[in-house]
Amino acid sequence: MRTLILGATGGIGGALARALGGTGELWLAGRRREVLFPLAQEVGARALPLELGDELEVQALLEEVGPLDLLLYAVGGVVRRPLRETGRLEAEDLLLANFLGAFLVLKHARFGQGARAAFLGAYPAYVEVPGFSLYAASKRALEGLLNAARKEFRREGVHLTLVRLPAVATGLWTPLGGPPKGALSPEEAARRILEGLKAEPPPEVLEL
């Protein structure tokens with residue numbers, strides 16, 4: 001099985017990599033080289049540094065990896081700030097991580113028959129609150145992208161799954177004062193994601 005984890009240097013991405021270590025041909029992509037290469041060595045994977053905002057770089061990476069059996073898009077960002085106080089560059093970075101990056105990956109990825117691709121989303125009711133307008137919009141955009149793309153990729157025998165996550169105790173919460181009480185550990189989130197993707201057929205929406 002050939003698997004690619006994008007965002008492998010994050011909390012959930014790293015947990016997914018450790019859960020899948022030794023289970024086949026594993027590729028890890030991420031921006032932070034100082035985390036990516038030691039992680040790849042730890043789990044027996046190949047490391048591919050990636051700047052997600054460069055479409056040519058995304059295309060080249062996916063061509064190098066080749067046809068995938070499993071794609072896990074664990075890239076993500078969060079901003080908590082009133083809309084009127086949010087800068088454009090900050091907004092663009094958030095949209096790239098949570099939405100546009102997923103578009104670029106789907107555009108250029110190649111899949112084997114019956115492949116599965118999972119993308120980390122959110123529960124709309126939990127995030128459509130003051131201070132999270134851009135985050136909520138980016139996750140809604142991802143969901144809309146997958147709802148439409150799913151019909152296209154189904155003809156190719158590829159299953160797209162949106163994973164609705166509750167709070168998970170990752171580094172994304174650090175600038176927000178830490179994760180809320182009761183947040184899932186990254187390891188538990190990874191376990192539930194991988195278990196859910198084993199279903200036949202895999203769910204269109206997987207709620208953890």
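Quick note: structure is the one above.
Computed from a predicted structure; not experimentally measured.

## Brief notes about unusual backbone geometry
Now for step 1: At the junction of Glu 200 and Pro 201, the peptide bond is cis and its omega measures out at -10° in the coordinates.
Now for step 2: Here Pro 201 is to be found in the loop between helix H7 (186-196) and strand S7 (205-207).

## Overview of the packing of helix H4 (residues 88-108) against helix H6 (residues 133-154)
In a pair of packed helices, the angle between the axes and the distance between the axes together describe the arrangement.
Now for step 1: Two elements in contact, H4 and H6, have axes separated by 9 Å at closest approach and are oriented at 10°. As far as their axial angle goes, H6 and H4 are roughly parallel. Contacts from Ala 91, Leu 94, Leu 95, Asn 98, Phe 99, Ala 102, Phe 103 and Leu 106 in H4 reach Leu 134, Tyr 135, Ser 138, Lys 139, Ala 141, Leu 142, Leu 145, Leu 146, Ala 149 and Phe 153 in H6.
Now for step 2: Residue composition of the contact of H4 with H6, by class: 15 nonpolar, 2 polar and 1 charged.

## A short note on helix H3 (residues 55-65)
Residues separated by three or four positions in an α-helix point in the same direction, a consequence of the helix having 3.6 residues per turn.
Now for step 1: For H3, the complete set of buried residues consists of Val 58, Leu 61, Leu 62 and Val 65. One side of H3 holds all its buried residues, which, seen down the axis, span an arc of 95°.
Now for step 2: The inward-facing, buried residues of H3 contact strand S1 (2-6), strand S2 (25-30), strand S3 (46-49), strand S4 (68-73) and H4.
Now for step 3: Two or three places before Leu 56, at the opening of H3, Asp 54 has a side-chain oxygen 3.1 Å from that residue's backbone nitrogen.
Now for step 4: Note on H3: the residue one or two positions beyond its end, Gly 66, has a positive phi of about 90°.

## Some remarks on helix H1 (residues 11-20)
Now for step 1: With respect to burial, H1 is a largely interior element, 7 of its 10 residues being buried.
Now for step 2: Of the residues making up H1, those classed as buried are Ile 12, Gly 13, Gly 14, Ala 15, Leu 16, Ala 17 and Leu 20.
Now for step 3: One or two steps after H1, the chain reaches Gly 22, where phi turns positive at roughly 80°.

## Some thoughts on the nonpolar core
Now for step 1: One finds Leu 4, Leu 6, Leu 71, Leu 106, Phe 111, Phe 119 and Leu 160 to be the most contacted residues of the largest nonpolar core, which totals 34 residues.
Now for step 2: For this core, the secondary-structure elements that each account for two or more residues are S1, S2, H3, S4, H4, strand S5 (111-122), H6 and strand S6 (159-165).
Now for step 3: Here the element with the most residues in this core is H4; it accounts for 6 residues.
Now for step 4: Contacts of Leu 106, omitting those with residues within four sequence positions, involve Phe 111, Phe 119, Leu 145, Leu 146, Ala 149, Phe 153 and Leu 160.
Now for step 5: Core analysis: the second largest hydrophobic core is formed by 30 residues, Ala 17, Val 43, Ala 45 and Leu 70 among them.

The rules behind the values
- Residues numbered from 1 in each chain as written.
- Predicted model: local features only at pLDDT ≥ 70, side-chain atom pairs only at ≥ 80, totals over all residues.
- Heavy atoms only, no water.
- Helix = DSSP H or I, 4+ residues; strand = E, 2+ residues; numbered from the N terminus.
- Axes fitted to C-alpha atoms, helices over the stretch in contact; angles between N-to-C directions.
- Parallel < 35°, antiparallel > 145°, perpendicular 65-115°, else oblique.
- Contact = heavy atoms within 4.5 Å.
- Nonpolar A, V, L, I, M, F, W, Y, C, P; charged D, E, K, R; others polar.
- Buried < 20%, exposed > 50% of the residue type's maximum accessible area, 1.4 Å probe, protein only.
- Arc of directions from axis to C-beta.
- Polar contact = N/O pair within 3.5 Å; in protein donor to acceptor, adjacent residues only side chain to side chain.
- Core = buried A, V, L, I, M, F, W, Y, C linked by side-chain atoms within 4.5 Å.

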